Structures are given as structure tokens and as C-alpha cells.
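# Understanding the architecture of this molecule
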Amino acid sequence: MISVKDKIVLITGATSGIGKACAYLYAKHGANIIITGRREERLISIKNDIEIKYGVKVYPYCFDITDRFACEKFGNDLKANNLTPYIFINNAGLAKGLSPLQDGNIDDWEEMIDTNIKGFLYAAKAVLGLMIEKNEGCIINLGSIAGSQVYPGGNVYNATKFAVRALSQAMNMDLLKTNIRVSSIEPGAVETEFSLVRFNNDKEKADNVYKGFKPLMAEDIADIIFFMTTLSENINIQHLMVTPTAQRSSTLFNRG
Ligand code: NDP
Ligand code: 8X3
């Protein structure tokens with residue numbers, strides 16, 4: 001097992017859900033954390049809470065991952081401050097809508113593609129050079145069961161997560177000559193703010209997604225990511241799909 005004490009962990013999209021759970025878990029184990037997101041008050045309150053609870057350093061960066069120049073600036077700032085991540089969790093992402101393609105909202109499509117594919121790439125570009133210079137560490141890309149199993153209405157979200165799976169495989173190949181290992185974790189249903197965002201804050205619709213079965217929690221995914229990144233350095237879990245026991249495919253649920 002590798003110790004993460006005093007190592008730097010970068011998590012994009014750490015203001016809620018899986019990213020936030022990762023920030024707390026790595027901090028608890030003594031890592032210094034870089035957290036990003038668009039909601040500044042949340043970043044500041046998470047920073048203050050973690051620093052008081054765990055005595056580690058938290059560096060909050062507020063920017064929109066779809067903004068190419070903001071991502072570039074972020075990378076430059078990390079370099080200037082000697083903040084090269086040992087672990088990079090490329091997590092920020094979202095779904096918008098669940099309509100059949102023919103009824104889809106083009107603004108929603110743009111937002112998913114801009115965030116989950118382009119933002120994912122901009123964030124990777126911002127830090128890959130720094131990590132390669134150090135020639136060590138782990139990258140965890142947040143894929144999804146939606147990245148290999150399409151479901152009705154999932155269309156563009158599915159396509160973006162198929163892209164994440166492809167890019168994760170590509171990263172593994174392109175980093176062959178380095179010691180950096182690359183993994184994609186591909187969860188099924190995890191109860192976070194994901195469905196609230198997908199359904200534009202319609203709480204009833206969001207709650208219905210998780211009705212009648214026990215979904216995964218953000219902390220479950222953080223535990224698995226922590227396990228993947230603390231294994232001995234010669235072990236590279238390239239992809240890992242995880243679902244609740246009551247979910248056996250993207251559409252098959254046992255709702256009691
Ligand atoms: P949440 O909605 O709880 O968290 C999403 C995070 O992404 C937030 O911190 C949000 O921060 C950030 N984010 C979204 N858009 C942007 C943007 N344009 N710029 C910067 N940050 C952004 O959802 P989850 O924790 O569930 O989702 C995390 C990842 O896990 C996503 O990639 C999702 O696709 C994936 N996933 C989720 C599953 C689930 O069932 N929940 C299952 C499989 C994969 P802010 O709004 O402050 O910018
Ligand atoms: C989130 C899981 O199945 O709702 O990626 O798309 S799913």
C-alpha cells in the first residue's frame with residue numbers, strides 16, 4: 001500500500017458528490033488537496049472544514065471547466081506554485097435531461113459535451129505535462145456504466161461517457177513510457193446531486209431514480225478510488241465497473 005500522507009491530490013468537481021467525498025477521504029489520510037468547481041462558497045467552506053478537521057492544506061480553485069483558457073491558467077498556476085498532483089481525479093461532469101434524441105434540447109447536448117468531453121480534456125491537458133515531468137502518480141477518470149451500456153434517453157450523456165472510456169484507454173497508451181497509471185472507474189447509480197442536476201432541480205424526479213433499492217453513496221466510490229490509487233505502483237487497474245447489488249446493468253434494477 002502506498003501512503004498518501006503529504007502527497008498532493010487534485011480533484012475536479014469537488015463541491016459535491018463523489019469529488020467532495022474523495023476530498024474528505026484523502027485529507028483524512030494526510031494528503032494535501034486541490035479542489036475545483038464553480039460554486040465558490042462551497043469551495044471555501046469545504047477548504048475551511050477540511051483544514052480544521054484534518055490539519056492538511058486545501059487549495060481551492062474556482063473556475064468553469066468548459067472554459068479552455070481558465071483551465072490553461074489553472075495549469076500555469078499549479079506549475080508556478082509547485083503544486084504537481086500525485087493523484088489526479090478527473091471527476092467534474094454532469095447529465096442534462098433524459099429525452100429521446102428526437103426531442104432533445106440542443107443546449108443540454110452542448111453542456112454535456114462541453115463539460116464531460118471538452119472540459120475533461122482541458123483539465124487533463126492542464127496537468128498532464130506537470131505529472132509527466134515528475135514521472136509518477138495516478139489518474140482516475142470518472143467514466144460510468146453509461147459509457148458502455150446505452151439506455152433509453154441516455155443518448156448524448158452515454159456518448160460523452162463512451163468518449164471518457166476511449167480517452168482513458170488512449171491516456172494509458174500515450175503514457176506507456178511513464179510511471180503514471182491511468183484508471184477509469186465506471187459506477188452505476190450513485191445518489192449524489194447528479195439526478196437533481198439532470199432534472200433541473202426537480203427533487204421528486206431525482207428521488208424517483210433511487211426509489212425501491214439501495215444506491216451506492218459517494219463515499220463508496222471514494223473508498224474504491226482510494227483503494228485503486230494506493231495499491232503498489234506496479235498495479236494498474238485500467239477500468240473498474242461498480243454497481244449497487246440491486247443494479248445488474250444500466251437498465252436492470254431490483255426495486256423490491
Ligand atoms: P454531482 O452533481 O454531485 O457533482 C458534480 C461535480 O462536478 C460538482 O462538484 C460540480 O461543481 C462539478 N462540475 C459540473 N460541471 C462543472 C463545470 N462546468 N465546471 C466545473 N465543475 C463542474 O455529481 P456526481 O458526484 O455524481 O458526479 C461526479 C462524476 O461522476 C461525473 O463525471 C458523473 O458523470 C460521474 N458519475 C456519476 C454517477 C452517479 O450515479 N451519480 C454514476 C457514474 C458516473 P460545480 O457545480 O460547483 O461547478
Ligand atoms: C451516471 C449513471 O446510469 O444514470 O453516469 O447514467 S447513469
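Everything discussed here concerns the structure shown above.
Residues numbered from 1 in each chain as written. Chains lettered and ligands numbered in written order. Predicted model: local features only at pLDDT ≥ 70, side-chain atom pairs only at ≥ 80, totals over all residues. Heavy atoms only, no water.

### Considerations on the sheet that holds strand 9 (residues 239-242)
Spatially, the seven strands line up as an open sheet ordered 3-2-1-4-5-6-9, and their pairing is parallel. Of all strands in the sheet, those with a lone pairing partner are strand 3 (58-62) and strand 9, marking the two edges. The mean inter-strand angle of the sheet, taken between neighbouring strand axes irrespective of direction, is 15 degrees. In this sheet, strand 9 lies alongside strand 6 (residues 181-187) in parallel orientation, the contact comprising four bridges. Within strand 9, the residue paired with proline 187 across the bridge is valine 242. Packing of helix 4 (residues 106-134) onto the sheet brings it into contact with strand 1 (8-11), strand 4 (87-90) and strand 5 (138-142), and relative to strand 4 it is tilted by some 170 degrees. (Pairing = 2+ DSSP bridges. Helix = DSSP H or I, 4+ residues; strand = E, 2+ residues; numbered from the N terminus. Axes fitted to C-alpha atoms, helices over the stretch in contact; angles between N-to-C directions. Contact = heavy atoms within 4.5 Å.)

### Comments concerning unusual backbone geometry
The backbone of asparagine 135 sits at a positive phi, close to 55 degrees, despite the residue not being glycine. Mapped onto the elements of the fold, asparagine 135 is located in the loop between helix 4 and strand 5. Assessed through its relative accessible area of 31%, asparagine 135 is described here as partly exposed. Of note, the phi angle at asparagine 201 is positive, near 70 degrees, even though the residue is not glycine. (Buried < 20%, exposed > 50% of the residue type's maximum accessible area, 1.4 Å probe, protein only.)

### Section: the pairing of strand 6
With seven of seven residues buried, strand 6 is to be regarded as a mostly interior element. Of the two faces of strand 6, the one holding Arg181, Ser183, Ile185 and Pro187 and the one holding Val182, Ser184 and Glu186 are both buried throughout. Both strand 5 and strand 6 contribute to a ladder of five bridges, which runs parallel. Note on strand 6: the bridge partner recorded for isoleucine 139 is valine 182. Remark: the strand 5/helix 5 (residues 155-174)/strand 6 crossover connection has right-handed handedness. (Right-handed = clockwise from strand over helix to strand, strands pointing away.)

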